[in-house]
Amino acid sequence: MTKPVVAIVGRPNVGKSTIFNRIVGERVSIVEDIPGITRDRIYSSADWLTHEFNIIDTGGIELSDEPFLEQIKQQAEIAMDEADVIIFLTNGREGITSADEYVAKILYKTKKPIVLAVNKIDNPDMKEMIYDFYSLGMGEPFPISGSHGLGLGDLLDEVAKNFPEPNDEDYGEEVIKFSLIGRPNVGKSSLINTFLGHDRVIVSEIAGTTRDAIDTEYSFDGQEYVMIDTAGMRKKGKVYETTEKYSVLRALKAIERSDVVLVVLNAEEGIQEQDKKIAGYAHEAGKAVIIVMNKWDAIEKDDKTMNEMTKSIRKHFQFLDYAPIVFVSAKTKQRVHSILPVINRVSENHALRVQSSVLNEVIEDSVARNPAPTDKGKKLRIYYATQVAIKPPTFVVFVNEPEMMHFSYERFLENRIRESFDFEGTPIRIITRART
Ligand code: GDP
Ligand code: GDP
């Protein structure tokens, strides 16, 4: 089921990133934690009571060449394009400014629900300050304080009330959902065009099932697929679409709806930081991953090039050591046909269930070979393991003292599981629990 998307909009300094961080809370991200740059994270999952959603801090989508008003206009447009509910944030201490009025004027154009929040209401005495804000014509203003964490519950209640009814867009279990993600210009659109070339039967293009995403359903060789379009690949044109942050945002939305993510790299430009970040999201989201090195035609090669490139990819994407790599050219169509069988394979592994009895044999044998850690005379005892989920395969390991399960031992168990079963292409998760 697709989670609703909430976007925070407002002029600079009203507290958008503060509120974003409050709502998101302490979610750790292995790929994105750059200390000091809070703005680096502009998209995250979040929850409130029983509601799960994704939230965007549009203030983090900077368009450095644009004048101030143009920036906030585009941020508001992104919110109107991408979100199901918009939080329009203002600053109660400064009152309504002309920039707030400007934002309001843009937001009037959308039919999407807008919740008006007045920030920096740090104590109850200040609540009167919100009444002026009725004049923005956005309904009831909600007083909040990002610094003190006040009022957020009421605000989120209102936001959640406006969530769309969950739509039944989910495809059947047997349908493989995949997407191509990557920096602008790596060749995603070209690959898609090659993919959808002559021998595929396109069942339908469903525009707007989820906002403006375009899903292409097709079948090949008896298998059904849905290709989930990212970055509006087939509707280029808006100024902000070329910004890096926006392309990441679209990639994240596509990743979330996919089973299999094709991380597309550009052989001509080599591996860049942004590639790792994008791939990291797919890994964290627990999706099956294939690394596609595109534009293989465009570089000079000898018989060592592929090996060297493989090594380089493995070095840069250590967390994706399970992901198969394919070298292709959308331009010459070289090996593009080999991608689909890989998608089938990793998709199967992503949904693989292993028998508990076999799993426990593997675990017992592993412990016998490499005894579990000890600490101050205590020994980690592993009693039993079981697979609790697929997509991605998730294992719970019951032990005496969960805190004694070190990362390195967990990694060892993961490797042993991988040696014993075919989990190529899929991340696997191990959860350690105390046996009660
Ligand atoms: P943005 O530009 O809209 O993302 O705003 P920031 O989140 O960066 O906040 C701008 C400034 O307002 C920072 O100095 C924050 O510490 C401050 N701020 C944010 N929320 C509150 C609040 O609830 N009360 C007060 N007094 N200051 C706040
Ligand atoms: P996207 O932004 O990732 O969708 O990238 P596009 O598919 O729009 O491709 C960007 C540019 O790279 C275009 O000029 C393509 O013609 C070119 N391109 C795409 N794939 C290949 C390839 O395999 N080889 C070469 N030489 N150029 C390619």
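Residues numbered from 1 in each chain as written. Chains lettered and ligands numbered in written order. Predicted model: local features only at pLDDT ≥ 70, side-chain atom pairs only at ≥ 80, totals over all residues. Heavy atoms only, no water.

- By the naming in an unreviewed UniProt entry, the chain is GTPase Der, taken from Psychrobacillus glaciei.
- Checking UniProt for the chain, the heading Function (unreviewed entry) contains the comment "GTPase that plays an essential role in the late steps of ribosome biogenesis."
- Turning to the chain, the UniProt record has this under Sequence similarities (unreviewed entry): "Belongs to the TRAFAC class TrmE-Era-EngA-EngB-Septin-like GTPase superfamily. EngA (Der) GTPase family." (UniProt positions renumbered as here; feature names shortened; annotations may be inferred.)

**A word on the overall build of the chain**
Part 1 of the reasoning: Scanning the chain for helices and strands turns up 11 helices and 18 strands.
Part 2 of the reasoning: Expressed as a percentage of contacts within the chain between residues at least 6 apart in sequence, the contacts between residues at least 24 apart total 71%. (Helix = DSSP H or I, 4+ residues; strand = E, 2+ residues; numbered from the N terminus. Contact = heavy atoms within 4.5 Å.)

**Comments concerning the site of ligand 2**
Part 1 of the reasoning: Around ligand 2, the surrounding shell holds 16 residues, and the nearest of these are Asn185, Lys188, Ser189, Ser190 and Asp297.
Part 2 of the reasoning: In the environment of ligand 2, an oxygen atom lies 2.6 Å from a nitrogen or oxygen atom belonging to the side chain of Ser189.
Part 3 of the reasoning: With respect to ligand 2, the side chain of Ser329 contributes an N or O atom lying 3.3 Å from an oxygen atom.
Part 4 of the reasoning: When isolated, ligand 2 has an accessible area of 580 Å², and the protein chains bury 74% of it.
Part 5 of the reasoning: Here the element with the most residues in the shell around ligand 2 is helix H5 (residues 188–195); it accounts for 3 residues.
Part 6 of the reasoning: A class-by-class count of the residues in the shell around ligand 2 yields 4 nonpolar, 6 polar and 6 charged. (Near = heavy atom within 4 Å. Polar contact = N/O pair within 3.5 Å; in protein donor to acceptor, adjacent residues only side chain to side chain. Areas by Shrake-Rupley, 256 points an atom, 1.4 Å probe, with all protein chains shown as cover. Nonpolar A, V, L, I, M, F, W, Y, C, P; charged D, E, K, R; others polar.)

**Points about the pattern of salt bridges**
Pairing between side chains of opposite charge can happen when the charged atoms of each approach one another.
Part 1 of the reasoning: Scanning the model with the defined rule gives 19 salt bridges in all.
Part 2 of the reasoning: Here Arg411 ties to Asp321 by a salt bridge, and the two come within 2.5 Å at their closest N and O atoms. Taken together, the residues span a long stretch of sequence, with Arg411 in helix H11 (residues 407–420) and Asp321 in the loop between helix H8 (305–316) and strand S13 (325–327) at a distance of 90 residues.
Part 3 of the reasoning: Accessibility expressed as a relative area gives 37% for Asp321, which makes it partly exposed.
Part 4 of the reasoning: The salt bridge partner of Arg345 is Glu424, with a shortest N-O separation of 3.0 Å. Of this pair, Arg345 sits in helix H9 (residues 339–350) while Glu424 sits in the loop between H11 and strand S18 (429–434), placing them 79 residues apart in sequence.
Part 5 of the reasoning: Classification of Arg345 by relative accessible area gives partly exposed; the value is 38%.
Part 6 of the reasoning: You can call Glu424 partly exposed: its relative accessible area is 28%.
Part 7 of the reasoning: Each of the salt bridges in this network shares a partner with another, and the network as a whole consists of Asp365, Arg369, Arg416 and Glu419. (Salt bridge = Lys/Arg side-chain N within 4 Å of Asp/Glu carboxyl O. Buried < 20%, exposed > 50% of the residue type's maximum accessible area, 1.4 Å probe, protein only.)

**Some thoughts on the nonpolar core**
Soluble, globular proteins show a tendency: their nonpolar side chains are buried together.
Part 1 of the reasoning: Counting residues in hydrophobic clusters, the biggest one holds 58 residues, and the most contacted among them are Phe88, Leu107, Phe317 and Leu320.
Part 2 of the reasoning: Counting residues per element, this core draws most heavily on helix H6 (residues 244–257), which supplies 6 residues.
Part 3 of the reasoning: Residue contributions to this core reach at least three from each of two domains, namely domain 1 (5–161) and domain 2 (176–350).
Part 4 of the reasoning: In this structure Phe317 touches Leu265, Ile271, Asp275, Lys276, Ala279 and Ile291, once residues within four positions along its chain are discounted. (Core = buried A, V, L, I, M, F, W, Y, C linked by side-chain atoms within 4.5 Å. Domains from an automatic or database assignment.)

**Examining H6**
Part 1 of the reasoning: Helix length check: H6, at 14 residues, gives a terminal C-alpha distance of 21 Å against a target of 20 Å (1.5 Å per residue), a fit within 8%.
Part 2 of the reasoning: Counting buried residues in H6 gives 11 out of 14 residues, a clear majority hidden from the surface. (Expected span 1.5 Å × (residues − 1).)

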